[in-house]
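# Coordinates in review
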Amino acid sequence: MARPKYTRSKGQVLHRFEPGAVATAPAGTAEIFKHFARKQDNLRADLRDAVEQELRRWRHFDSQMQAFLNHTADLVPVDIASVQGQRLQIRECAKCGAIRNTGDPQWRKQPDAVCHQCEHPTLNEIPFVFAHADGTMLQLTPEPCPEHGYRFLILERTASKRWRCRVSGCSHTKQINRALSTRSLMRQPQIANRVQEATGRLPNPMMSLSPVSDKKLQVVHSISRIDPTPNFIKFKNLPEALYTLLCIHLEYLDWTGKPLLELHEVLSVVGSGSQEDQTKEEQLIQTMRESGLDEAIIQTILSKNKAKQENNVGGPVVSQVRQALDKLPTQAIDLLGDSQAEAETHDRGEALTLKQDNARTLREQLINRGVLLDLKRESIDATIQRLSGSPFSFCLETARDDMRTKLGITQVEVIQDLPIMHLAYGYTRLSHQPEAAVLWAFDRTKFDLAGDEPTGNWIPAPVYKLETEALSFQFDSRRILRWLHANNLAPDSQTISEPTLWLLQRHSRIHCRSGPAFSDALDPDFLIPWLVGSAIHSATHLMIRAIADQSSFGETALSEHLLLSLNQTIIFVNRLQEFSLGGLKTFFEQRLDQAFKNLLEERSDCMFDPYCEETLGGACAGCLHLPEVVCRLFNNALSRILLYGGDLRTDIEGDGSERTLWKNPNLEDLTGQSEFIGFWDRRID
């Protein structure tokens, strides 16, 4: 077929047109076999670490993915411009159902000829392929009748599909099935045994006949990151950058509504400046020494220059930042860890300690928060002031009151230009479960980089960057602490002077494989970050559903970015799907109060209660689960009980079911009470 070009405006290159995938295009159903792409900048060290961190949850890899883990293959980011595909060979007459194999010599030169039975002009591709969780996918091949060949063959779409010859008196039928290749990874005894241990069953020895519309036919796995802006990259080079961001989180410094560039100027005065600033100062000192000035005069000149810079920036602002940095306690600074020591640990091939892993997580999330300071954003307070006198300002005032008094949210900001980067590192078929599927790298032979292919062993990693709308929600540390105290899991908040620091000292990274569902021996120190993170994550899912109800967005048009160590979450428009420009800002100004009302009045129950609450821990497809493209934790760390409260007793009258979420740890024993008080329970007020 002619080479069709598909734009990236809807993210189809990552989610529909991967090499080796099958997709429906205007020209018909085609197998994609080539990507025309451009090589991007080399993979940043932090992104490589993030991919390696993501790969830890996988059990089975193809050889290229294993080579990446062994540092014998590199991920190369590529930007895809267009794809090339070939229509599936097996066609079916739209009128009489006659089958044609265009790969046969008879039809190879005229695959689009009219039907050989009824002369109907339209022959459609049969929309089925064979696939398996081992990563293989094969086109459907008909079994010809021994007497009549393909001429009278049809596809019977019964419960078990089969080929049948429709010649009167001919009994030829052939069930459509295909055994898994003996060379498959899933045929290896050690892998088959590991799959059985993890899932309770051996890998399927037969390939599955899957429709090409099945979204699990090829599941692309990617990481999403807030892409640093050029201004933030410069800011990050300042030695005091992370300390200042930590001060903002700990509420030592209020920078609401202020730009990052102003903070950069202040730190250039307060601190030692960037490497470039230090070099210029050293050159100035060297010049003055060569001119014969003594050290006292040099220091006087430097002091006057510093005072002039401080005056230009704004003396009061400089004083506020300096006081905030001086207030930063040693125990808070220690939470940032030592990036150099972590790099040395990584270079030795050793796993990071829990403390190092948490420190890296905190730094990453502070960096994400720092990027937000450089974006076009507006807080709910500023929006109310801007819309003063309009009906929408009164709606926002209602939303502000509800969020601060009932929902435990201190601030909401609307962001117009959130820079998101998706990096796809591999794919699986028919399953996204690490225990049950083989993770495959993209095949570099199917990527055409126009002669710019790297040397050595490399793996293409499709990258998609976008600027999109977002809402940022900051949760109240004081209410979180009161909530934990109400459940006998924390001291009285009145005895803790800095709730935000208290929670930060107990933070821990939460990922899609953490928590009681994946560990039989949950660390007691993980209890508080797990409950807090799960509550914020659950609130985020409910908010996404409420936004979908109150706006033009569907659930799959929204995604989440979690900064759980900072008690913050971001909901952004995923422009890999359809979206309406300005739609989220309109929702924020006009319907936010209705969304909050929805959370408080209509989301506490599930259509599958009591089974959901009593057996599934208060999280299922009827209440909290979202499509996989939306949730970065694959619907882990969720429960309505954390938000609305519920019964903690594990023995339920009737069927004797047990709440798996509460079995380990046993919250009834830890709290000393049979009822769990939810984060949105009015008794906390």
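Bear in mind the structure is a predicted one, so any value in this text is a computation, not a measurement.

A tally of regular secondary structure across the protein chain gives 24 helices and 23 strands. Considering the protein chain as a whole, with its 685 residues, one finds that 53% of them fall into the buried category. In the protein chain, once contacts between residues fewer than 6 apart in sequence are set aside, the share between residues at least 24 apart is 72%. In the structure as shown, the protein chain presents an accessible area of about 31600 Å², 47% of it carried by carbon and sulfur atoms.

So, on to the packing of aromatic side chains. Counting across every chain of the model gives eight aromatic pairs. Relative to F235, the ring of F232 has its centre 5.8 Å away and its plane inclined at 40°; by these criteria the two rings are tilted. On the criterion of helical spacing, the pair formed by F232 and F235 is a turn pair, its members being three residues apart in helix 5 (residues 230–236). Judged by relative accessible area, F235 falls into the buried class, the value being 0%. Ring-pair connections join several aromatic residues into one group, and the members of that group are F475, W483, F676 and F679. A cation over a ring is seen here: R100 above W107, with NZ or CZ 3.8 Å from the ring centre. Here the guanidinium or amino end of K258 rests over the ring plane of W255, the centre of that ring lying 4.8 Å away.

Position of S379 relative to the elements: it lies in strand 15 (residues 377–379). For S379, a relative accessible area of 8% translates into the label buried. Beyond its immediate stretch of four places on either side in the chain, S379 contacts T256, Q411, V412, E413 and F588.

Per the stated rule, a full pass over the model turns up 27 salt bridges. A salt bridge links D227 to K465; the shortest N-O distance between them is 3.6 Å. Of the two residues, D227 sits in the loop between strand 14 (219–226) and helix 5 while K465 sits in strand 19 (residues 458–475), which places them 238 residues apart along the sequence. K406 serves as the salt-bridge partner of D402, at 3.4 Å between the closest nitrogen and oxygen. Residue classification places D402 among the buried positions, given a relative accessible area of 12%. Judged by its relative accessible area of 25%, K406 is partly exposed. Each of R87, R91, D112 and E125 takes part in one network of salt bridges that share partners.

The antiparallel open sheet is built from three strands, whose spatial order is 6-5-7. Looking at strand neighbours, the two that pair on one side only are strand 6 (99–101) and strand 7 (123–125), the edges of this open sheet. The average undirected angle you get between the axes of adjacent strands in this sheet is 35°.

Confidence in the prediction for the protein chain averages 83 pLDDT; 89% of positions are at 70 or higher. Every residue in residues 1–18 is under pLDDT 50, and counting partners more than four places away or in other chains gives 59 contacts. Across residues 652–657, where pLDDT falls below 50, the model places six contacts with residues more than four positions away in sequence or in other chains.

With that settled, the discussion passes to helix 18 (residues 527–550). Along its 24 residues, helix 18 runs 34 Å from first to last C-alpha, staying within 8% of the 34 Å computed at 1.5 Å per residue. The buried fraction of helix 18 amounts to 23 of the 24 residues, a majority that puts the element mostly inside the structure.

The next thing to look at is the packing of helix 16 (residues 477–486) against helix 18. At their nearest, the axes of helix 16 and helix 18 sit 12 Å apart, and the two run at 120° to each other. Classified by the angle their axes make, helix 16 and helix 18 are oblique. Viewed along their axes, helix 16 and helix 18 form a crossing whose handedness is right-handed. Residues I480, W483 and L484 of helix 16 lie in contact with helix 18, whose contacting residues are I528, L531, V532, A535 and I536. Each residue belonging to the contact of helix 16 with helix 18 can be placed in one class, and the counts come to eight nonpolar, no polar and no charged.

Glancing now at the pairing of strand 16 (residues 409–428). Among the 20 residues of strand 16, 18 are classified as buried, and the element is accordingly described as predominantly covered. Examined bridge by bridge, strand 14 and strand 16 share eight bridges and lie antiparallel to one another. Pairing of I223 across the sheet is with L423, part of strand 16. With three bridges joining them, strand 15 and strand 16 adopt antiparallel strand pairing. In the sheet register, R377 faces strand 16, and the bridge partner there is I415.

In this section: unusual backbone geometry. Along the chain, D609 connects to P610 via a cis peptide bond; the corresponding omega equals 5°. Its location among the elements puts P610 in the loop between helix 20 (592–601) and helix 21 (611–615). At E119, a position not held by glycine, the phi torsion is positive, near 60°. Mapped onto the elements, E119 comes out in the loop between strand 6 and strand 7.

Moving on to the side chain of E560. Its place among the elements puts E560 in strand 20 (residues 558–563). In this structure, E560 is buried with no salt-bridge partner, the nearest side chain bearing the opposite charge being R632 at 7.0 Å. Looking at E560, its side chain comes within polar contact range of the main-chain nitrogen of R632, at 3.2 Å. Those residues in contact with E560 that sit more than four places away from it in its chain are H537, T540, H541, I544, I570, F572, V630, C631, R632 and L633.

Moving on, we get to the sheet that holds strand 11 (residues 162–165). The three strands are arranged 10-11-12 in an open sheet whose pairing can be described as antiparallel. Only two strands of the sheet have a single partner each, and these edge strands are strand 10 (153–156) and strand 12 (173–175). When strand polarity is set aside, the average angle formed by the axes of neighbouring strands in this sheet is 20°. Both strand 10 and strand 11 contribute to a ladder of four bridges, which runs antiparallel. Of the residues in strand 11, the one forming a bridge with L155 is W163.

The next point concerns the nonpolar core. Of all hydrophobic cores here, the largest spans 75 residues; its most connected members are F473, I480, W483, L484, F596 and W680. By residue number, the principal contributor to this core is helix 18, which donates 13 residues. Dropping the residues within four chain positions of it, F473 is found in contact with I409, Q411, V412, M543, N567, Q568, T569, I571 and F596. One finds L260, V318, V321 and L373 within the second-largest nonpolar core, a separate group that totals 47 residues.

So, on to the pairing of strand 21 (residues 568–573). Counting buried positions along strand 21 gives six out of six residues, so the element sits mostly inside the fold. Looking at chain direction, strand 20 and strand 21 are connected through six bridges and run antiparallel. When the sheet's bridge partners are listed, H561 is paired in strand 21 with I570. Where strand 20 folds back on strand 21, the antiparallel hairpin that results is connected by four residues, among which N567 adopts a positive phi of roughly 55°.

About the thresholds
- Residues numbered from 1 in each chain as written.
- Predicted model: local features only at pLDDT ≥ 70, side-chain atom pairs only at ≥ 80, totals over all residues.
- Heavy atoms only, no water.
- Helix = DSSP H or I, 4+ residues; strand = E, 2+ residues; numbered from the N terminus.
- Buried < 20%, exposed > 50% of the residue type's maximum accessible area, 1.4 Å probe, protein only.
- Contact = heavy atoms within 4.5 Å.
- Areas by Shrake-Rupley, 256 points an atom, 1.4 Å probe, with all protein chains shown as cover.
- Phe/Tyr/Trp six-rings, centres within 6.5 Å; stacked < 30°, edge-to-face > 60°.
- Lys NZ or Arg CZ within 6 Å of the ring centre and 35° of its normal.
- Salt bridge = Lys/Arg side-chain N within 4 Å of Asp/Glu carboxyl O.
- Pairing = 2+ DSSP bridges.
- Axes fitted to C-alpha atoms, helices over the stretch in contact; angles between N-to-C directions.
- pLDDT = per-residue confidence, 0-100.
- Expected span 1.5 Å × (residues − 1).
- Parallel < 35°, antiparallel > 145°, perpendicular 65-115°, else oblique.
- Left-handed = near helix turned anticlockwise from the far one by under 90°.
- Nonpolar A, V, L, I, M, F, W, Y, C, P; charged D, E, K, R; others polar.
- Lys, Arg positive; Asp, Glu negative; His and termini not counted.
- Polar contact = N/O pair within 3.5 Å; in protein donor to acceptor, adjacent residues only side chain to side chain.
- Core = buried A, V, L, I, M, F, W, Y, C linked by side-chain atoms within 4.5 Å.

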